[in-house]
Amino acid sequence: MFDIVLLGPPGSGKGTQARLLVESIPGLKHLSTGDVLRAEVKNGTPLGMEVKSIIESGNLISDDLIGQLVSAWVKNNADATILFDGFPRTGSQVNAFVDFENEFNRQFAVIELVVSDQDLLDRLARRCVCAVCGYIDQACSLTDGDKTWTCPSCGAHEVVVRSDDCSEVVSERLAIYNQEIMPIRNQLDKHGAVRHVVNGSQSVKEVQKAVADAVAQDKK
Ligand code: AMP
């Protein structure tokens with residue numbers, strides 16, 4: 001049981017690399033707290049209604065709510081190796097995460113994607129996501145739901161342009177990330193976790209290779 005924590009700012013390629021990892025590692029399950037929250041919003045659940053405006057403002061959901069959401073997800077996937085994407089994101093989430101790993105005798109490695117703020121801003125301004133298969137494209141000067149877009153992966157015409165990818169909210173999200181990441185790194189390092197730093201500005205294929213190399217090292 002070797003869980004993976006994928007760290008990186010919004011737009012660093014976590015979602016894309018997570019999909020590639022899941023395709024290449026049998027039994028690996030992807031927990032993206034952002035995706036789970038967006039699904040709750042889309043489905044209009046009580047949780048979704050509670051978190052909608054917070055997500056749209058670029059702020060973080062409370063540690064309590066995230067803790068409940070992650071616990072429920074993990075309970076349903078207890079036997080799987082888990083790829084954590086977007087969690088842990090605060091000092092208190094790191095503590096909860098490390099307690100969970102210890103309690104269930106699990107091990108984990110951390111892969112951190114590093115990309116300059118300017119590259120992130122450029123990428124997020126062009127990002128759109130396939131509503132059907134989750135493929136992340138960089139092609140967009142589209143509006144949400146534009147039917148002229150065709151997913152390069154599954155051929156669907158259902159595009160999502162995230163409302164929190166607009167420039168004001170992106171600045172807020174990056175500021176929060178830059179503020180939280182240092183304590184998160186320190187806490188994970190203190191715990192003795194192996195943290196692989198990968199240059200996320202390379203091509204998708206190059207990043208994929210660096211990530212795969214990091215995962216292979218952990219298995220040794
Ligand atoms: P993401 O898809 O990871 O960029 O997350 C989108 C939004 O969901 C964030 O800006 C937060 O509002 C919320 N969110 C996702 N994961 C977390 C988390 N671990 N802690 C708090 N808020 C989160």
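Calculation notes
Residues numbered from 1 in each chain as written. Predicted model: local features only at pLDDT ≥ 70, side-chain atom pairs only at ≥ 80, totals over all residues. Heavy atoms only, no water. Pairing = 2+ DSSP bridges. Helix = DSSP H or I, 4+ residues; strand = E, 2+ residues; numbered from the N terminus. Axes fitted to C-alpha atoms, helices over the stretch in contact; angles between N-to-C directions. 1 Å grid on protein atoms, 1.4 Å probe; cavity = no way out; pocket = protein on both sides within 12 Å on 5 of 7 lines; lining within 4 Å. Points joined across faces, edges and corners; volume = space filled by probe spheres on them. Nonpolar A, V, L, I, M, F, W, Y, C, P; charged D, E, K, R; others polar. Near = heavy atom within 4 Å. Polar contact = N/O pair within 3.5 Å; in protein donor to acceptor, adjacent residues only side chain to side chain. Areas by Shrake-Rupley, 256 points an atom, 1.4 Å probe, with all protein chains shown as cover. Expected span 1.5 Å × (residues − 1). Bend = angle between axes of the 7 residues up to and from the residue. Buried < 20%, exposed > 50% of the residue type's maximum accessible area, 1.4 Å probe, protein only. Contact = heavy atoms within 4.5 Å.

## Structural notes on the sheet that holds strand S2 (residues 28-32)
Moving on, step 1. Strands sit in the order S2-S3-S1-S4-S8 across an open sheet of five strands; the sheet is parallel. Edge positions in the sheet fall to S2 and strand S8 (194-199), since each has one partner strand and no second. Geometrically, the sheet is characterised by an average inter-axis angle of 20° between neighbouring strands, direction not taken into account.
Moving on, step 2. Summarising the sheet, S2 and strand S3 (residues 81-85) pair through five bridges and their orientation is parallel. Following the sheet pairing, lysine 29 is matched in S3 by isoleucine 82.

## Topic: the layout of surface pockets
Moving on, step 1. The volume enclosed by the second largest pocket comes to roughly 280 Å³.
Moving on, step 2. Val70, Ser71, Val74, Phe100 and Phe104 are the residues nearest the centre of the second largest pocket, which is lined by 13 residues in total.
Moving on, step 3. Elements that contribute at least two residues to the lining of the second largest pocket include exactly helix H4 (63-76) and helix H5 (91-103).
Moving on, step 4. For the lining of the second largest pocket, the class distribution of residues is nine nonpolar, two polar and two charged.

## With respect to the site of the ligand
Moving on, step 1. In the neighbourhood of the ligand, 15 residues make up the surrounding shell, with Thr33, Arg38, Asn59, Gly86 and Arg89 lying closest.
Moving on, step 2. The side chain of arginine 89 places a nitrogen or oxygen atom 2.9 Å from an oxygen atom of the ligand.
Moving on, step 3. In the environment of the ligand, an oxygen atom lies 3.1 Å from a nitrogen or oxygen atom belonging to the side chain of arginine 162.
Moving on, step 4. Contact with the protein chains removes 96% of the 480 Å² of surface that the ligand exposes when unbound.
Moving on, step 5. Considering each element in turn, the shell around the ligand owes the most residues, four residues, to helix H2 (residues 33-43).

## Thoughts on helix H7 (residues 167-190)
Moving on, step 1. With 24 residues, H7 extends 35 Å from end C-alpha to end C-alpha; this agrees with the ideal 34 Å at 1.5 Å per step.
Moving on, step 2. Of all the bends in H7, the greatest, near 30°, is centred on isoleucine 181, and the proline proline 183 appears no more than four residues after it.
Moving on, step 3. Of all the residues in H7, the buried ones are Val169, Val170, Arg173, Leu174, Ile176, Tyr177, Ile181, Ile184, Arg185 and Leu188.
Moving on, step 4. In this structure, the buried residues of H7 make contact with strand S1 (2-7), helix H3 (46-57), H5, strand S4 (107-114), helix H6 (117-126) and S8.
Moving on, step 5. Trailing H7 by a residue or two, glycine 192 shows a phi angle of about 90°, which is positive.

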